[in-house]
Amino acid sequence: VSQRLNADLDLEGTLEAILDGVRALRFSGARVLLLGPREEAPQLAAQLGLGASAGLATGLTGWIARHHSPLQIDDLRTPPPELGELGELGALSVAGSPARAFLGAPLRLGEDLIGTLELFSARPGAFSAGDLRLLTILAGQAAQAITNAN
């Protein structure tokens, strides 16, 4: 994965390489959201396998952006109450089914947040702690590759 991300790619090619690189995590849908230079609202930069309404669930992205921390939710129907209000999660669909599990990581370059890398599954409990560690490592590599591509 890191070899492909270190290749001399434009932004579109880099985003494609990122989504291709996380396939080992067996997700139903994925997306990369990027922040503007003034940390404006995240913009969808790339997605794979998500329904058209996926843009509605910005609460997950917002939580990652506010906390600069990865996030794992085993069942989106019953997110942990300590996460607070996450917005409308029921609108998320992956591969024609409701999204049930979520795994997301911040795209950080040093202390600067440039976006998020998020995975969804139609199966509750689909992601493990090992998946979260791997996604976090890949997100670090992805942030560097995105910055180099810009």
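Positions within a chain are numbered from 1, following the residues in the order the chain's sequence is written. The predicted origin of the model limits local features to residues at a pLDDT of at least 70 and limits the giving and counting of side-chain atom pairs to 80 or more, whereas totals for whole chains, interfaces and linings rest on all residues. Hydrogens and water are ignored here; the side-chain numbers use all heavy atoms of the structure.

1. Considering the sheet that holds strand E3 (residues 71-73)
Within a sheet, neighbouring strands are paired by backbone hydrogen bonds and run either parallel or antiparallel to one another. Here a strand pair is declared whenever DSSP counts at least two bridges between the two strands. Under the DSSP-based scheme used, a helix requires at least four consecutive residues in state H or I and a strand at least two consecutive residues in state E, with every element numbered from the N terminus. Strand order in the open sheet made by the 5 strands is E2-E1-E7-E6-E3, with antiparallel pairing throughout. With one partner strand each, in any of the chains shown, strand E2 (43-48) and E3 form the two edges of the open sheet. Neighbour to neighbour, the strand axes of the sheet diverge by 15° on average, direction disregarded. Relative to E2, strand E1 (residues 29-34) is paired through 5 bridges, and the arrangement is antiparallel. Of the residues in E2, the one forming a bridge with Arg 31 is Gln 47. Residue contacts follow a heavy-atom distance rule, with two residues in contact if any of their heavy atoms lie within 4.5 Å. Lines fitted to C-alpha atoms define the axes, with helix axes restricted to the stretch in contact, and inter-axis angles between N-to-C directions lie between 0 and 180 degrees. Together, E1, E3, strand E6 (101-109) and strand E7 (112-121) form the strand contacts of helix H3 (residues 58-67), whose direction differs from that of E7 by roughly 140°.

2. Quick notes on H3
Taken residue by residue, H3 has Gly 59, Leu 60, Thr 61, Gly 62, Trp 63 and Ile 64 as its buried positions. Here the buried face of H3 lies against E1, E3, E6 and E7. Count one or two residues on from H3 and you reach His 68, which has phi positive near 50°. When accessible area is computed with a 1.4 Å probe and restricted to protein chains, residues below 20% of their type maximum are described as buried, those above 50% as exposed, and intermediate ones as partly exposed.

3. Quick look at unusual backbone geometry
Excluding glycine, residues mostly carry a negative phi; peptide bonds, for their part, are mostly trans. Positive phi, normally seen in glycine, also occurs at Arg 26, with a value near 50°. By the secondary structure assignment, Arg 26 is in the loop between helix H2 (11-21) and E1. Relative accessible area serves as the criterion here: at 70%, Arg 26 is assigned to the exposed category. Here His 68, not a glycine, exhibits a phi torsion of approximately 50°, which is positive. Tracing the chain through its elements places His 68 in the loop between H3 and E3. You can call His 68 partly exposed: its relative accessible area is 23%.

4. Comments concerning the environment of His 68
Along the sequence, His 68 and Thr 116 sit 48 residues apart, while their C-alpha atoms lie 9.3 Å from each other. The contact partners of His 68, leaving out residues within four places of it in the chain, are Pro 106, Arg 108, Glu 111 and Leu 113.

5. Some words on the side chain of Asp 131
Within the secondary structure, Asp 131 sits in helix H4 (residues 129-149). Of the buried charged residues, Asp 131 lacks a salt bridge, with Arg 123 as the closest side chain of opposite charge at 7.3 Å. In terms of polar contacts, Asp 131 uses its side chain to reach the backbone amide nitrogen of Ser 128, at 2.9 Å. Working convention for charge: Lys and Arg count positive, Asp and Glu count negative, and His plus the chain ends are omitted. By salt bridge we mean one thing: a side-chain nitrogen of Lys or Arg within 4 Å of a carboxyl oxygen of Asp or Glu. What qualifies as a polar contact is a pair of N or O atoms within 3.5 Å, subject to a donor-acceptor requirement within protein and to the restriction that residues adjacent in sequence count only when both atoms come from side chains.

Geometric descriptors of this kind do not, in isolation, establish any biological role.
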